[in-house]
Amino acid sequence: DDDDDDEDRVRFAYLRTNQKMFDSMTAQATNHQQAANTIASFVTFVALYLVCRRGPFANALIKFVRTSPRASPSSSKGSKWKDTTVEGGREIVGDAELKYGIASRIVAEVHNWVGLFLGISALRDTSSPLWSDPLFAQNSASRLLIAWTTGFFVFDTLLVGYHSKTEGVGFLAHAIGCLFVYGNALVTGTHHLFGALFITWELSTFFLHVRWLLKEMGHDSGKAYALNGVLLFVAFVVVRNVGGTYASAMYWRETAPLVANVEARRGAISLPTLWAFRAANVLLNTLNAVWAYKMARGVYSRFFGKSRRKEKL
């Protein structure tokens, strides 16, 4: 009997060792695949940007905007582009600025819609423990999402950083904050549920890009522009301010036990990184609140401002 017990213990120890080796190899293979997917994502966005910025396709896009019946050459004040000139007190947008605006927005939209598809697919996968273990669980769709979005924000941070004088501090802070969040989710293999939840913020970006296009085509005083502005504001408040606040409250609740309990972190995430995640969450929600406030003022001015009241009179 003792010999049988010894054999069972040896067999159990052997199986346990093999299981650990298998788990380690699986984790390494997953990490390598994630790294490859992220690099492929980054290269895809760079290639798409160059196609939209240079060559015949870029020229066709420029022609489409320029030949609009109501095309307006005006741009926002304070442009830093060298080919931007001033005529009659108005800035004339050069081809370089317009190409950058078109290319960067096309790339962003490709990322957003693919990311939304992957995020929704991850959230709908009831066979995975993503909802029951929100900080540490993952599934195939969430892994693709994290790699896809990390690659995009590497590209976006470099692009916005290079054009920081034009884009402004707010967009640069947004790019860096998102790169930190999704990049750390990629490295640690955590936060996949929240990565899928927060990608829904990009639903509002579509209306922002439509607003820019309508303005460049000279339709910034028509009904379509006003309607799009309302849709932008509503979508922004719903998915970013309301939905974002709910998801953030859920995140802070789920991470509370990890702050004081080392074992609860499962060796996957350190306390400084956890607090950095929380700080990034506060930063991004603050940016959303500021932008929502500015949009609310814009909508109010559009429909109830002095110029609107004068029109009624």
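Thresholds, definitions, all that
Residues numbered from 1 in each chain as written. Predicted model: local features only at pLDDT ≥ 70, side-chain atom pairs only at ≥ 80, totals over all residues. Heavy atoms only, no water. Phe/Tyr/Trp six-rings, centres within 6.5 Å; stacked < 30°, edge-to-face > 60°. Helix = DSSP H or I, 4+ residues; strand = E, 2+ residues; numbered from the N terminus. Buried < 20%, exposed > 50% of the residue type's maximum accessible area, 1.4 Å probe, protein only. Lys NZ or Arg CZ within 6 Å of the ring centre and 35° of its normal. Salt bridge = Lys/Arg side-chain N within 4 Å of Asp/Glu carboxyl O. pLDDT = per-residue confidence, 0-100. Contact = heavy atoms within 4.5 Å. Patch = residues over 30% accessible without salt bridge, like charges linked within 9 Å, V, L, I, M, F, W, Y side chains within 5 Å. Areas by Shrake-Rupley, 256 points an atom, 1.4 Å probe, with all protein chains shown as cover.

A.B. asks: Tell me about the packing of aromatic side chains, and name the residues and values.
C.D. replies: Summed over all chains, the structure comprises 16 aromatic pairs. Here Phe-153 and Tyr-182 contribute two aromatic rings whose centre-to-centre distance is 6.1 Å and whose plane-to-plane angle is 20°, an arrangement assigned as stacked. Remark: Tyr-182 occurs in helix H6 (residues 169-188) and Phe-153 occurs in helix H4 (residues 140-162); sequence separation between them is 29 residues. Take Phe-153 and Tyr-182: they sit in the same class, and that class is buried. Taken together, the ring pairs in this structure connect Phe-45, Tyr-49, Trp-148, Phe-152, Phe-153, Phe-155 and Tyr-182 into an aromatic cluster. Taking NZ or CZ as reference, Arg-105 lies 4.2 Å from the ring centre of Trp-212, over its face. Between the NZ or CZ atom of Arg-278 and the centre of the ring of Trp-275, over which it lies, the distance is 4.8 Å.

A.B. asks: Which residues make up the pattern of salt bridges, and what values do they have?
C.D. replies: This model, assessed by the stated rule, comprises 2 salt bridges. Close ionic contact of Arg-266 with Asp-133 constitutes a salt bridge, the shortest N to O distance being 3.0 Å. In this pair, Arg-266 is assigned in the loop between helix H9 (223-260) and helix H10 (271-304) and Asp-133 in the loop between helix H3 (95-124) and H4, connecting sequence segments 133 residues apart. Judged by relative accessible area, Arg-266 falls into the exposed class, the value being 52%. One salt bridge connects Arg-240 with Glu-202, and the closest N-O pair in it is separated by 3.6 Å. With Arg-240 in helix H9 and Glu-202 in the loop between helix H7 (192-198) and helix H8 (205-216), the pair connects residues that are 38 residues apart, well separated along the chain. Since its relative accessible area comes to 10%, Glu-202 is described here as buried.

A.B. asks: Can you tell me about the confidence of the model for the protein, naming the residues and giving the values?
C.D. replies: Within the protein, residue pLDDT values average 83, and 79% of them lie at 70 or more. In the model, residues 73-82 has pLDDT below 50 throughout and makes 24 contacts with residues more than four positions away in sequence or in other chains. Across residues 309-313, confidence stays below pLDDT 50; counting only partners more than four residues off in sequence or on other chains, it has 1 contact.

A.B. asks: Before we move on, could you go through a nonpolar patch on the surface and cite the residues and values that matter?
C.D. replies: On the surface, Trp-113, Leu-203 and Phe-206 cluster together to form a nonpolar patch covering roughly 280 Å² of accessible area. Within the secondary structure, Phe-206 sits in helix H8.

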